[in-house]
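Topology and contacts: notes
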Amino acid sequence: KVKPVYNVLADGAELGAGEAVDGDVYRFYRREFHVQGPHVRPFLRRNGATFNSNRWCIYGDSGVDYLFELKGRRFLDFKVDLPVVHYSKGAVKISVSSDGKDWNEIAECGKRDIFSAAAAAGIFPAERVYLRVSGVGGTSLQTGFPRVTARIDGTRLRAAGFTRYVDEKSGDTVCEVG
């Protein structure tokens, strides 16, 4: 059995593959997930969509939820870019939450394009940000992975994340991502 291990910073915050901090700016962008999917930070909290190589296939009202969290730091704002890479019909909405319960829709995308949206200032500062990408009604489309940029508080630093998959018994690295 293997478990994911992330880059742990001096203050205890973890950064996985695709995550980086530069000064007070947090970024997340992964071009490809393939088999690593839900174990690469930020964590995938809900998956009701299907996965095809490097994109989410969203049908009906299916979708995915991500959790963005950096131990000991708070998000001061949050911007997401979402590419709709294949479009048949319907729309996808982008929503955010600071508690995973009360959702604020920040965009609705109904064509092939890259959509950008920022979360309302009212949820910040936030220790965690949940991001939901979900279909609206009779949707049939595919999205790439979200690109996230956010300002964070705490000590300024420069670091990039990685994810290693380690054998739980031996401690040997099985593979490394990013």
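Residues numbered from 1 in each chain as written. Predicted model: local features only at pLDDT ≥ 70, side-chain atom pairs only at ≥ 80, totals over all residues. Heavy atoms only, no water.

1. Some details on the pairing of strand 4 (residues 25–28)
With 4 bridges joining them, strand 3 (residues 19–23) and strand 4 adopt antiparallel strand pairing. Its bridge partner being in strand 4, Ala-20 is matched across the sheet by Arg-27. (Pairing = 2+ DSSP bridges. Helix = DSSP H or I, 4+ residues; strand = E, 2+ residues; numbered from the N terminus.)

2. Regarding the confidence of the model for the protein chain
Overall, the prediction assigns the protein chain a mean pLDDT of 87, with 92% of residues at 70 or greater. The spread of mean pLDDT over the elements of the protein chain runs between strand 5 (residues 43–47), the lowest at 72, and strand 13 (residues 147–151), the highest at 96. (pLDDT = per-residue confidence, 0-100.)

3. Topic: the packing of aromatic side chains
The full count for this structure, using the stated rule, is 8 aromatic pairs. Here Trp-56 and Phe-145 contribute two aromatic rings whose centre-to-centre distance is 6.1 Å and whose plane-to-plane angle is 75°, an arrangement assigned as edge-to-face. Placement of Trp-56 in strand 7 (residues 55–60) and of Phe-145 in the loop between strand 12 (128–143) and strand 13 is noted, with a sequence separation of 89 residues between them. Judged on exposure class, the residue Trp-56 and its partner Phe-145 are both buried. A ring pair is formed by Phe-68 and Phe-78, whose centres lie 5.4 Å apart and whose planes are at 70°; its orientation type is edge-to-face. Here Phe-68, found in strand 8 (residues 63–69), pairs with Phe-78, found in the loop between strand 8 and strand 9 (79–97); they are 10 residues apart in sequence, far enough to count as distant. No difference in accessibility class separates Phe-68 from Phe-78, as the two residues are buried. One aromatic cluster in this structure is built from Tyr-26, Phe-28, Tyr-66, Phe-68, Phe-75 and Phe-78. It is Arg-132 that lies over the ring of Trp-103; its NZ or CZ is 4.0 Å from the centre. (Phe/Tyr/Trp six-rings, centres within 6.5 Å; stacked < 30°, edge-to-face > 60°. Buried < 20%, exposed > 50% of the residue type's maximum accessible area, 1.4 Å probe, protein only. Lys NZ or Arg CZ within 6 Å of the ring centre and 35° of its normal.)

4. Points about the pattern of salt bridges
Evaluated as defined, the whole model comprises 8 salt bridges. Two residues, Arg-158 and Asp-22, come together in a salt bridge whose shortest N-O distance is 3.0 Å. Residue Arg-158 is located in strand 14 (residues 157–160), and its partner Asp-22 is located in strand 3; the two are separated by 136 residues in the primary sequence. For the salt bridge of Asp-77 with Arg-151, the shortest nitrogen-to-oxygen distance reads 3.1 Å. With Asp-77 in the loop between strand 8 and strand 9 and Arg-151 in strand 13, this pair connects stretches of sequence that are 74 residues apart. Looking at Asp-77, the relative accessible area reads 28%, which means it is partly exposed. A relative accessible area of 37% places Arg-151 in the partly exposed class. (Salt bridge = Lys/Arg side-chain N within 4 Å of Asp/Glu carboxyl O.)

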